[in-house]
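The lines below spell out each chain.
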Amino acid sequence: MGGKRLILMGPPGGGKGTQAKRLQERYGIVQLSTGDMLRAAVKAGSPLGLQAKAVMDAGKLVSDEIIVGLIAERIQQSDCAKGFILDGFPRTVPQAEALDRLLKEKELKLDKVVEVAVPDERLMERITGRFTCAKCGEGYHDTFKQPKKPGVCDVCGSTEFTRRADDSAATVGARLKAYHDQTAPLMPYYKAQGLLEVINGDRDIDVVSKDLERVLGT
Ligand code: ADP
Ligand code: ADP
Ligand code: ZN
């Protein structure tokens, strides 16, 4: 593979988590999802979780300070030494600038930034049909990725699934607005650094995976 420190960018429901999990398996590098970190904090009822929950439920972005703090701590950990796939971070230009500083301190570089592009009109059904195995975190969809055996997780056999509180039709508009206003400016930011690859995420999951492997050079 061409790179070990990757960013997966794309709109909410665009398939970042699905693809990041596959890359994690394939390349043995960890997926770092700020959304998962925040949901863990909410579940644990920590002060950070309590603060973040209202913002997430409104479909807005949590403050750069909180998010950069989470990532700064996480990338110190030993399992990140071989590399990582950032999923859902950075989401603002200040977050991207903070990441550049964090990596520079460690004399590390990003290898590639991949935008998984999906048109807005697809995202409502992607988001409202999403559910996840409560035990292992495998992602599913009511229409596009059902468990092989109904009600049983393909990966771990669990029969318990969860849906995210923010995956309601009501939040989709706010989340898309945040994406276009605050996250889309990152594409020119990374393009200027020569790191950006854009792939079409509006295709079957396996087809997108193949394309992702292609741009990552395998
Ligand atoms: P993100 O992490 O970008 O928010 P997910 O990977 O959770 O997105 O995908 C959102 C939903 O769409 C999930 O239910 C997932 O199973 C489904 N999904 C992911 N990729 C595709 C695809 N290429 N085609 C159809 N559905 C997809
Ligand atoms: P999605 O799968 O829809 O892309 P995530 O799981 O990545 O969503 O994030 C869920 C929510 O967590 C976001 O709507 C936002 O409130 C918060 N969040 C996650 N990552 C970030 C980030 N990098 N900056 C600010 N807020 C974030
Ligand atoms: Zn499972």
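Our structure's up above, just so we're on the same page.
Residues numbered from 1 in each chain as written. Chains lettered and ligands numbered in written order. Predicted model: local features only at pLDDT ≥ 70, side-chain atom pairs only at ≥ 80, totals over all residues. Heavy atoms only, no water.

Asks: What is the right way to read the packing of helix 2 (residues 34-44) against helix 4 (residues 64-74) from this model?
Replies: Two measures define how a pair of helices packs: the angle their axes make with one another and the distance between the axes. Running from N to C, helix 2 and helix 4 cross one another at 100°; their axes reach a closest spacing of 11 Å. Classified by the angle between their axes, helix 2 and helix 4 sit roughly perpendicular to one another. Mapping the contact onto sequence places Thr34, Met37 and Leu38 in helix 2 and Ile67, Leu70, Ile71 and Arg74 in helix 4. Its residues placed into classes, the contact of helix 2 with helix 4 shows five nonpolar, one polar and one charged. (Axes fitted to C-alpha atoms, helices over the stretch in contact; angles between N-to-C directions. Helix = DSSP H or I, 4+ residues; strand = E, 2+ residues; numbered from the N terminus. Parallel < 35°, antiparallel > 145°, perpendicular 65-115°, else oblique. Contact = heavy atoms within 4.5 Å. Nonpolar A, V, L, I, M, F, W, Y, C, P; charged D, E, K, R; others polar.)

Asks: Help me understand the coordination of the zinc ion (ligand 3), please; the structure alone is not making it clear to me.
Replies: In an ideal octahedron of six donors the angles at the metal are 90 or 180 degrees, and in an ideal tetrahedron of four donors they are 109.5 degrees. Of the protein atoms, only Cys133 (SG), Cys136 (SG), Cys153 (SG) and Cys156 (SG) coordinate the zinc ion (ligand 3), at distances of 2.2 to 2.4 Å. Taken together, the four donor atoms coordinating the zinc ion (ligand 3) and their angles of 100 to 116° define a geometry best described as tetrahedral. Residue cysteine 153 is classed as buried on the basis of its relative accessible area, which comes to 3%. Look at cysteine 156 and you get partly exposed, because its relative accessible area is 28%. (Donors = N, O, S within 2.8 Å, 3.2 Å for Na, K, Ca; no water. Tetrahedral: all angles 85-135°; square planar, octahedral: opposite > 155°, others 65-115°. Buried < 20%, exposed > 50% of the residue type's maximum accessible area, 1.4 Å probe, protein only.)

Asks: What is the right way to look at the sheet that holds strand 8 (residues 196-200) in this model?
Replies: Backbone hydrogen bonds hold the strands of a sheet together, and the pairing may be parallel or antiparallel. An order of 2-3-1-4-8 is seen for the five strands of this open sheet, with the pairing classed as parallel. The sheet is open, and its two borders are formed by strand 2 (30-33) and strand 8, each paired with just one other strand. The average undirected angle you get between the axes of adjacent strands in this sheet is 25°. Taken together, the four bridges between strand 1 (residues 5-9) and strand 3 (residues 84-87) define a ladder with parallel strand orientation. Note on strand 3: the bridge partner recorded for arginine 5 is phenylalanine 84. The sheet contacts of helix 2 involve strand 2 and strand 3, and relative to strand 2 the element is tilted by about 65°. (Pairing = 2+ DSSP bridges.)

Asks: Please clarify how the site of ligand 1 should be interpreted in this entry.
Replies: Within the structure, ligand 1 sits among 17 residues, and Gly17, Thr18, Arg130, Tyr140 and Arg203 are positioned closest to it. Backbone polar atom of glycine 14 to an oxygen atom of ligand 1: 3.2 Å apart, as the coordinates give it. Threonine 18 has a polar side-chain atom sitting 2.5 Å from an oxygen atom of ligand 1. Computed on the free molecule, ligand 1 has an accessible area of 550 Å², of which 91% lies beneath the protein chains in the complex. (Near = heavy atom within 4 Å. Polar contact = N/O pair within 3.5 Å; in protein donor to acceptor, adjacent residues only side chain to side chain. Areas by Shrake-Rupley, 256 points an atom, 1.4 Å probe, with all protein chains shown as cover.)

Asks: Which parts of the structure should I look at to understand the site of ligand 2?
Replies: Among the 20 residues in the neighbourhood of ligand 2, the closest are listed as Thr34, Arg39, Lys60, Gln95 and Arg175. A distance of 2.8 Å separates a nitrogen atom of ligand 2 from a polar side-chain atom of threonine 34. Note that a nitrogen atom of ligand 2 is positioned 3.1 Å from one of the backbone N or O atoms of valine 62. Relative to its free-state accessible area of 550 Å², ligand 2 is covered by the protein chains to the extent of 97%. Ranked by residues supplied to the shell around ligand 2, first place goes to helix 2 with four residues.

Asks: For this particular structure, what's the right way to read the sheet that holds strand 7 (residues 161-162)?
Replies: Taken together, three strands build an open sheet; the order of strands is 6-5-7 and the sheet is antiparallel. Edge positions in the sheet fall to strand 6 (139-141) and strand 7, since each of these pairs with one other strand and no more. Across three bridges, strand 5 (residues 130-133) lies against strand 6 in antiparallel orientation. Within the sheet, the bridge partner assigned to threonine 132 lies in strand 6 and is glycine 139.

Asks: Sorry, what's going on with the nonpolar core here?
Replies: Inside soluble globular proteins, nonpolar side chains tend to come together where they are buried. One finds Ile7, Leu32, Phe84, Leu86, Leu99 and Tyr190 to be the most contacted residues of the largest nonpolar core, which totals 34 residues. Element by element, the count of residues in this core is highest for helix 4, at six residues. Excluding residues within four positions of it along the chain, phenylalanine 84 makes contact with Lys4, Arg5, Leu6, Ile29, Val30, Leu32, Ile75 and Leu103. In this structure, Ala20, Ile85, Leu212 and Leu216 belong to the second largest nonpolar core, which totals 14 residues. (Core = buried A, V, L, I, M, F, W, Y, C linked by side-chain atoms within 4.5 Å.)

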